[in-house]
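Each chain, letter by letter, is given below.
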Amino acid sequence: MLQGHRDGHGFLIPDDGSSDIYLSSQETHAVMHGDRLRVRVMRFDKRGRPEGKVLEILERKKRPLIGRLLLESGIWLVAPEDRRMGQDILIPKNGIANATAGQVVAVELTEPPSLYSQPVGRVVEVLGEIDDPGMEIEIAVRKYDVPHRFSPDTLTQSAKLPEKLRAADLKHRIDLRDVPLVTIDGEDARDFDDAVYCEPFKQGRGKKAIEGWRLLVAIADVSHYVKPGEPLDADAYERATSVYFPRRVIPMLPEKLSNGLCSLNPYEDRLSMVCDMLVSSDGTVAAYQFYPAVICSHARFTYTEVAAILANTHGPEAAKRRDLVPHLLHLHEVYRALLAERHRRGAIDFETTETQIVCDDNGRIEKIIPRTRNDAHRLIEEAMLAANTCSADFIQSSKHHSLFRVHEGPTPEKRQTLQAYLRSLGIGMGISDDPTPREFQAIAQATKDRPDAQQIHTMLLRSMQQAIYTGTNSGHFGLAYPAYTHFTSPIRRYPDLLVHRVIKCLLGNKRYALDPAKMNVPQAPKRPGRPPPPNPADARNEAERWEVVGAHCSANERRADEASRDVEAWLKCRYMRDRLGEVFAGTVSAVTSFGLFVQLDELYVEGLVHITELGGEYYRFDEVRQELRGERTGIRYATGARVQVQVSRVDLDGRRIDFRLVRDDDEARALRNASGRPAGKSSAKPTARPPAKKRVPKTAVETLEEVRQTDRDVRKSRKEVITSLHPVKAAQQAAKRQASKASKKTATKAAPRKRR
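It should be emphasised that the depicted structure is a prediction, and the values quoted were computed from it without experimental measurement.

The rules behind the values
For every chain, the first residue of its written sequence is number 1, and the numbers climb from 1 along that sequence. With pLDDT at 70 or above as the cut-off, local features in this predicted model cover only qualifying residues; side-chain atom pairs require 80 or more to be listed or tallied, and sums for whole chains, interfaces and linings still use all residues. Excluded from the side-chain calculation are hydrogens and water; included are all heavy atoms of the structure. We call two strands paired when DSSP finds no fewer than two bridges between them. Secondary structure elements are defined from DSSP: runs of H or I of at least 4 residues count as helices, runs of E of at least 2 residues count as strands, and each element is numbered from the N terminus. The contact definition used throughout considers only heavy atoms, calling two residues in contact when any of these lie within 4.5 Å. To get an axis, fit a line to the C-alpha atoms, keeping to the stretch in contact for a helix; angles then go from 0 to 180 degrees between the N-to-C directions. We call a residue buried when its accessible area falls under 20% of the maximum for its residue type, exposed when it is over 50%, and partly exposed in between, using a 1.4 Å probe and counting protein chains only. A cavity here means a set of 1 Å grid points, computed over protein atoms only, where a 1.4 Å probe fits but cannot escape. A pocket is an open set with protein on both sides within 12 Å along at least 5 of 7 lines, and lining residues have an atom within 4 Å of a point. Grid points are joined across faces, edges and corners, and a volume is the space filled by probe spheres set on the points. Residues were grouped as follows: Ala, Val, Leu, Ile, Met, Phe, Trp, Tyr, Cys and Pro as nonpolar; Asp, Glu, Lys and Arg as charged; and all remaining residues, including Gly, as polar. In what follows, salt bridge is the name for a side-chain nitrogen of Lys or Arg lying within 4 Å of a carboxyl oxygen of Asp or Glu.

1. Some points on the sheet that holds strand β18 (residues 285–296)
An order of β11-β18-β17-β14-β13 is seen for the five strands of this open sheet, with the pairing classed as mixed. Single-partner strands in this sheet number two, and they are β11 (174–175) and β13 (194–203). Sheet topology note: the β13/strand β14 (residues 210–220) ladder contains 10 bridges and is antiparallel. Bridging across to β14, Pro200 finds its partner in Trp213. Across the sheet, helix α8 (residues 375–397) lies against β13, β14, β17 (269–280) and β18, angled at about 105 degrees from β18, the strand it touches most.

Laid out in structure tokens, this is it:
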């Protein structure tokens, strides 16, 4: 498949997973991002990377494209929102429907691009104005092909579901409605798919007595309502996951299920699958069992509320929930035991800063705040991890096929890169040839108090592979589990729904198989312009079917993440557009060969300081140390460095924020000296600079003039640096310019004599 680039070239992503093949802009002129091609490798560049030639277009991407309708010199065209498409789409006058210039539209291609012509299309849907509330989400769901409308059959089936539990639903279930299970979620949560309860446990007498806790994790029984082969299941499989945007969620299941029958709302009877565990005092799960049950949540807690109760059991929050406080304390006790066991087995636990976007009524960012994790968050996390590992153990011990959540350690290449990086920082601790999670956790612990701790932890995270769903268990490296799966969120993840089905069959002494007839995806509602999901029916055996399903769920998880990030990037660009020219303090979050990515302290927004904005110095990128270093001054910029930047440009369409570095006096003086100016002159009459905030221009005209002047100074200083670095070459170029001027003068004098 072709992956286009905004600059016009592209890369062929081979089906066999081999190295990407570079295609020049000349080769990609007749094709578009997403097309399937047959390519021949013609040559290799200096780094051994293959370059190819397009031989055949196997399949055109048929889904509609999203973009803005423009009218330029009497010609209608659509500029695609996805810059990887590379070309604008021409629209005939009779193909614009009822759209007007500037609106966001969906376009269907009527003529593909060729070597000598642009693609032609027609407007099939008008989404609205670019500034309409929620437009960024409407664009993202179409840009990333996220299914956002349920089929008519699914809506019909959902409408027929009962409003409340029926007597038949309670058969063969354990009644736990008298057990004070509670839900603990965020303030903005709408679906509650897990409830927890804990009580002390003691077995035996004397020295042989076993003490610990009985921990119950009840999960909404989605599999009772969503059956294989039904329209609900077809849509759920196609989506594979819910997609979360600021102020909006595109659910995997219709609202009647996700927020109704399958949501463990307080004081309402709900069907659930329960993982009933006995946790010993050292934090190990001594025994567990699964069973279907009917429960009634006794309360809906928030993380903030639980944290306040645990911090002060005599406070106002605890007084309101007096009857449930002892159970929360037991949950906190078992959490501390599970956490201690987590540390003993060496699971990796990085403390990262997550942010939350707070929007106004129009869907625009009002503020971005750090999302703090307290003991209530960690309590629920440990309980869910325990239930997930029990489900993986139960399935694996039964030797049954299922989807496992696999997270593998670093590849040999990433391990060597990390080893070199740690060595360059003088960190004596290394990574073995067969690394374990304990080694990573030991490095994280040993470096947590260093000034560059964030930089080191980031590199540790980047060295590991992404977690995936697969039918072959390879363990979970980060959590240090030999087997791990997802059991706790069947409302929003299809793999969890499949795990529930497997466990139910095992409890009934049956085997669950992915029936090709019931998972025949072409039977699912057809979507115009959208290819069907991978069909498990095409697999040759049961194991391959699980691999196909796992690959589909993993791909859709990545798609959901990309769509969410795209919306957040758009909102942040819109947010920063009103702050052009302002100066902020920030931290270098990443270093590349083309510049620095800086995250602002106050706003938690990331932008790029391009290498051309670093002044006239020539910088080399050190891949091992992950830093840019000036050749003459020795000035270094590495991950974790503190800088001050000015917001210089915001590209809303490209989702890009550009910063300009604001230097302090010492650094600016060093660069001036490096450019060939006398050091004594600049140090004899130091110029006192006012604070950065006072230097910010007051008007847009002054800001533009300052930008132009800075660019002129940068070009001039860069020219002086190059002259000092290569004096011979500079002298030769100057001689050529002088000779050229002399020849022009001679020609001018000779011309009149020639005419006479």
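2. Side note on the environment of Pro80
Relative to the assigned elements, Pro80 resides in strand β7 (residues 75–80). Through-space distance from the C-alpha of Pro80 to that of Gly67 is 4.1 Å; in sequence the pair is 13 residues apart. Contact partners of Pro80, with chain neighbours within four places excluded, come to Ile66, Gly67, Met85, Gln87, Asp88 and Ile89.

3. What about the environment of Glu51?
Within the secondary structure, Glu51 sits in strand β5 (residues 50–59). Classification of Glu51 as buried rests on a relative accessible area of 19%. It is 8.0 Å that separates the C-alpha atoms of Glu51 and Ser24, two residues lying 27 residues apart in sequence. In this structure, Glu51 is in contact with Ile21, Tyr22, Arg40, Val41, Met42, Arg43 and Asp45, ignoring residues within four places of it in sequence.

4. Digging into the sheet that holds strand β28 (residues 627–630)
Ordered in space as β27-β28-β29, the three strands form an open sheet in which the pairing is antiparallel. The open sheet has two free edges, formed respectively by β27 (619–622) and β29 (636–638), since each of these has just one partner strand. If you compare each strand with its neighbour and ignore which way they point, the axes differ by 20 degrees on average. Note that β27 and β28 share four bridges and pair antiparallel. In the sheet register, Tyr619 faces β28, and the bridge partner there is Gly630.

5. Focus on empty space enclosed by the protein
For the coordinates displayed, the defined rule picks out two cavities of 30 Å³ or more. Taken together, Arg63, Leu65, Ile66, Pro80, Glu81, Asp82, Met85 and Lys143 make up the lining of the largest cavity. There is about 30 Å³ of room inside the second largest cavity. Lining the second largest cavity are Pro180, Val182, Val196, Tyr197, Leu324, His327, Leu328 and Leu331. At three residues, helix α7 (residues 325–345) tops the list of elements feeding residues into the lining of the second largest cavity. Looking at the lining of the second largest cavity, its residues break down into seven nonpolar, one polar and no charged.

6. Details of the pattern of salt bridges
Any two side chains of opposite charge can pair, so long as their charged atoms come close to each other. Summed over the entire model, instances satisfying the criterion amount to 47 salt bridges. Across the salt bridge formed by Glu51 and Arg43, the nearest N and O atoms sit 3.5 Å from each other. For Arg43, a relative accessible area of 49% gives the class partly exposed. As a salt-bridge pair, Asp221 and Arg173 come within 2.5 Å of each other at their nearest N and O atoms. In this pair, Asp221 is assigned in the loop between β14 and α3 (231–239) and Arg173 in the loop between α2 (152–160) and β11, connecting sequence segments 48 residues apart. Arg173 carries the same exposure label as Asp221, and that label is buried. When salt bridges with common partners are traced through the structure, they connect Glu125, Glu138, Arg142, Arg149 and Arg248 into a single cluster.

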